[in-house]
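# Observations on the three-dimensional arrangement
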Amino acid sequence: TEQTNKMRVVMLPWLAHGHISPFLELAKKLATRNFTIYLCSTPINLTSIQKRITQEQSLCIKLVELHLPSSPDLPPHRHTTNGLPPHLMPALKSAFDNVIPQYSTLIKSLSPHLVMYDFNQPWAPTIAAEYGIPAVEFITSSAAFVSFVLHSFKKSGIEFPFPEIQLRGFHGAQFRRKFDQASREVSQKSRPFEAFEKSFKIILFNTFRELEGKYFDYLSILTEKKTVPVGPLVQEIVNGTEETEVMNWLDKKSDSSTVFVSFGSEYFLSKEEVEEVAHGLEISAVNFIWVVRFPVGEKTKIEEALPEGFLDRVGARGMVMEGWAPQAQILAHSSTGGFVSHCGWNSMLESLKFGVPVIAMPMHLDQPPNARVVEEVGVAVEVEREEDGRLNRYEIAKAIRKVVVEENGEGIRVRSREFSENIRLRADKGIDELVEELVKHCLERN
Ligand code: UDP
């Protein structure tokens, strides 16, 4: 409509691939509905974003450069958490906080209708408000995880209403330890949920009702805002990308015969974990593509990280890639029949969209509750760990075989295909709901 024609939105995602990517996909959806998006990130990040935008989309998606101060702590040419050793995360966050003056100038000169910001920049809505501009938070994590954390802070002592995602055993203990530490740090500040509280009337989640309805309904009560599910926003598959070697390799495998193994852009396996995963893959006797990665600046030869003779023994059955794989393309390929995953939220949504069942190996943070969510809806099997949290090769092999080959995994395979079909049918229901909300709340202002 003529009204939405005028809608200018500034987007400010956190500097991580798993955040920039859903913001970009949301930008593409809004671009087809007569919005103009100003997507802000560093020049290096924008170079890779540019490759995912068609010429037509670029008419409505403007890329805006934010320059980080140079920091002796941060590796040059890296402006995301991708490959960043965990101890450098605070340095990246503080470098990003340094763009506040640039952001402020931008808001002043563009005077957008709306800002969409990420969890890590509570200053974004504050500055927007100074210019009378509303800002809404777009949360790229699961509603289950966020509701679990928010409940723990706000209603301590009261049982979480969804015991099905309650963490037990090793993950439960790990979560409680981290949570207690965070509570101690947070209690010194006056407003731990500043970013939420400042979201203008609504909060967006990259999820959908059939998957997480009860969690974001509960979040609506906890936050006293309307929670709008806009997902699943998943990277679109573009034909003719460069990485053809792995796709050619997959072409030669039979349907649903191969597992894709990846632990996301931020987690690095320990030496022991590499060993167990390698042996687990070997014992499973299933084809695999495994993306192995090391922190930036850490020189490790891939052959030396793997068990001796591993590559020779698995031969044509396995492919090991270093660093980065075209994950969405691989999951969309008909030869892929399972995803051994750390259960990052984007990975889970991609799995659901492409109908690939999950062999869940959550490591930390939001991953254990994410694993509970996909297992609950019947598209995943979580790998059993030792009591002390160690991985066990036989349990890995068992879960892979169940999901990909054994008869007792048929229900999971069927359910995955059904989910994929449901997602295809629901199309952009969430985006339509969002546009309606935005028109109602934000456009009437102008
Ligand atoms: N990804 C990819 N290739 C890789 C590793 C990751 O394309 O080798 C993409 C993946 O498709 C997903 C994102 O990076 O969209 C990772 O996000 P997720 O939330 O799953 O995990 P995180 O990296 O944030 O832990």
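Residues numbered from 1 in each chain as written. Predicted model: local features only at pLDDT ≥ 70, side-chain atom pairs only at ≥ 80, totals over all residues.

Regarding its fold elements, the protein presents 21 helices and 13 strands. Here the C-alpha atoms of the protein give a radius of gyration of 22 Å, agreeing with the 22 Å that 2.2 N^0.38 yields for 446 residues. Overall, the C-alpha framework of the protein stretches about 65 × 55 × 50 Å when taken along its three principal axes. The buried share of the protein, reckoned over its 446 residues, is 44%. When contacts within the protein are restricted to residue pairs at least 6 apart in sequence, those whose partners lie at least 24 apart make up 71%. (Helix = DSSP H or I, 4+ residues; strand = E, 2+ residues; numbered from the N terminus. Rg over C-alpha atoms; globule rule 2.2 N^0.38 Å. Buried ≥ 20, exposed ≤ 12 C-beta atoms within 10 Å, placed from the backbone. Contact = placed C-beta atoms within 7 Å.)

This paragraph deals with the site of the ligand. Around the ligand, a shell composed of 19 residues is seen, among which Gly-18, Gly-264, Ser-265, Gly-344 and Ser-347 lie nearest. Within the residue set of the shell around the ligand, elements represented by two or more residues are α2 (17-31), α16 (327-332) and α17 (345-354). With 4 residues, α17 is the single largest residue contributor to the shell around the ligand. When grouped by side-chain class, the residues that make up the shell around the ligand number 6 nonpolar, 11 polar and 2 charged. (Near = placed C-beta within 6 Å. Nonpolar A, V, L, I, M, F, W, Y, C, P; charged D, E, K, R; others polar.)

On to the packing of helix α8 (residues 143-154) against helix α11 (residues 209-223). Axis separation between α8 and α11 bottoms out at 9 Å; the angle between their running directions is 35 degrees. Seen along the crossing, α8 lies across α11 with a hand that is left-handed. Within the contact between the two elements, α8 uses Ala-143, Ala-144, Val-146, Ser-147, Leu-150, His-151 and Lys-154 and α11 uses Glu-212, Tyr-215, Phe-216, Tyr-218, Leu-219 and Leu-222. Here the residues of the contact of α8 with α11 sort into 9 nonpolar, 2 polar and 2 charged. (Axes fitted to C-alpha atoms, helices over the stretch in contact; angles between N-to-C directions. Left-handed = near helix turned anticlockwise from the far one by under 90°.)

Among the secondary structure elements, Pro-22 is positioned in helix α2. You can call Pro-22 buried: it has 25 C-beta atoms within 10 Å. For Pro-22, the residues in contact, after removing those within four places along its chain, are Thr-140, Asn-206, Leu-233 and Asn-346.

Okay, the confidence of the model for the protein next. Confidence in the prediction for the protein averages 92 pLDDT; 95% of positions are at 70 or higher. This prediction of the complex comes with two scores: 0.96 for pTM and 0.99 for ipTM. (pLDDT = per-residue confidence, 0-100.)

Moving on to the sheet that holds strand β13 (residues 380-382). Taken in spatial order, the 6 strands make up an open sheet running β10-β9-β8-β11-β12-β13, and their pairing is parallel. Each of the sheet's edge strands pairs with one partner strand only, and the pair in question is β10 (318-322) and β13. Here the average twist between neighbouring strands, direction ignored, is 20 degrees. Judged from the 3 bridges that link them, strand β12 (residues 358-360) and β13 form a sheet pairing that is parallel. (Pairing = 2+ DSSP bridges.)

Let us look at unusual backbone geometry. The step from Gly-231 to Pro-232 runs through a cis peptide bond, and the omega angle for that step is 0 degrees. By the element assignment, Pro-232 lies in the loop between β7 (226-229) and α12 (244-251). Positive phi is not limited to glycine here, since Asn-34 has a value of about 65 degrees. The class of Asn-34 is partly exposed, set by 15 C-beta atoms lying within 10 Å.

Judged by how many residues are buried, α17 sits mostly within the fold: 10 of 10 residues are covered. Taken together, the buried positions of α17 are Trp-345, Asn-346, Ser-347, Met-348, Leu-349, Glu-350, Ser-351, Leu-352, Lys-353 and Phe-354. Those residues of α17 hidden inside the fold are in contact with α2, α16, β11 (336-341), β12, α18 (367-376) and α20 (410-426). Positioned one or two residues after α17, Gly-355 has a phi angle of 70 degrees, which is positive.

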